[in-house]
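Chain residues, written in single-letter form:
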Amino acid sequence: MSETIGISNQEMEFHERFKAPLEVVWKAFYNPNGWDPWFTDGMKIDEESGEIYFRWFRLTDGQVVTDNGRIVSVIHKRLFSFWWYEYEDGYRSFVEFSFQPTDEDETIVTVKDRTFVKDESELSIRYGCAYGWGQMLLLAKLYIEKGLVVI
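In this report, we go over the structure that sits alongside the text. (Residues numbered from 1 in each chain as written. Predicted model: local features only at pLDDT ≥ 70, side-chain atom pairs only at ≥ 80, totals over all residues. Heavy atoms only, no water.)

Re the overall build of the protein chain
When helices and strands are counted, the protein chain shows 3 helices and 7 strands. Overall, the protein chain shows an N-to-C arrangement of helices and strands of α-β-α-β-β-β-β-β-β-α. The C-alpha atoms of the protein chain give a radius of gyration of 15 Å, which matches the 15 Å a tight globule of 151 residues would have. The C-alpha extent of the protein chain, read off along each of the three principal axes, is 45 × 30 × 30 Å. The proportion of buried residues among the 151 residues of the protein chain is 40%. In the protein chain, once contacts between residues fewer than 6 apart in sequence are set aside, the share between residues at least 24 apart is 48%. By element, 51% of the accessible surface of the protein chain is carried by carbon and sulfur atoms, the whole surface being about 8,200 Å². (Helix = DSSP H or I, 4+ residues; strand = E, 2+ residues; numbered from the N terminus. Rg over C-alpha atoms; globule rule 2.2 N^0.38 Å. Buried < 20%, exposed > 50% of the residue type's maximum accessible area, 1.4 Å probe, protein only. Contact = heavy atoms within 4.5 Å. Areas by Shrake-Rupley, 256 points an atom, 1.4 Å probe, with all protein chains shown as cover.)

A look at the packing of aromatic side chains
Going through the model one piece at a time under the given rule, you end up with 27 aromatic pairs. Here the aromatic rings of Y30 and F80 are separated by 4.8 Å at their centres, their planes lie at 70°, and the arrangement is edge-to-face. One end of the pair, Y30, is in the loop between α2 (22-29) and β2 (44-46); the other, F80, is in strand β5 (residues 79-87), with 50 residues separating them in the sequence. Its relative accessible area of 1% is what places F80 among the buried residues. Geometrically, the ring pair formed by W83 and F94 is tilted, given 5.2 Å between the ring centres and 55° between the ring planes. Of this pair, W83 sits in strand β5 while F94 sits in strand β6 (residues 90-103), and the two are 11 residues apart along the sequence. For W83, a relative accessible area of 30% corresponds to the partly exposed category. R92 extends its terminal NZ or CZ atom over the ring of Y87, reaching a point 3.8 Å from the ring centre. Of note, K141 hangs over the ring of F18, and the distance from its end group to the ring centre comes to 5.8 Å. (Phe/Tyr/Trp six-rings, centres within 6.5 Å; stacked < 30°, edge-to-face > 60°. Lys NZ or Arg CZ within 6 Å of the ring centre and 35° of its normal.)

Shown next as structure tokens:
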């Protein structure tokens with residue numbers, strides 16, 4: 001395995017500070033409709049079955065893109081983790097969201113993603129995930145802080 005590939009499978013980490021109480025931020029990220037209306041188009045989080053269903057079309061130039069996932073853990077208002085990005089006989093990406101209030105009206109969200117790639121030809125998958133998490137956090141910030149949906 002080349003050094004580039006070893007590096008590519010390391011965890012990516014993204015942070016965003018929201019000027020909003022923990023309860024508001026948590027509800028925007030963890031609810032039955034997931035990240036609708038600000039990022040997805042028909043996302044579902046089924047806490048009972050542990051399944052997640054992702055669907056996009058506004059951010060994919062009208063092409064419907066779907067994926068499934070599996071909830072790993074939920075600690076109310078603290079942590080939400082899941083596997084997603086279906087691949088062969090499992091999932092390609094493990095993601096963990098953590099929520100840290102800094103005061104009554106501010107919350108930091110950290111997204112950690114470990115997206116697995118086999119070789120250099122799959123690095124674009126990892127780069128796409130990195131781009132997507134940054135985009136998602138920006139759109140969440142606009143939605144939570146300003147009430148704006150910009151997609």
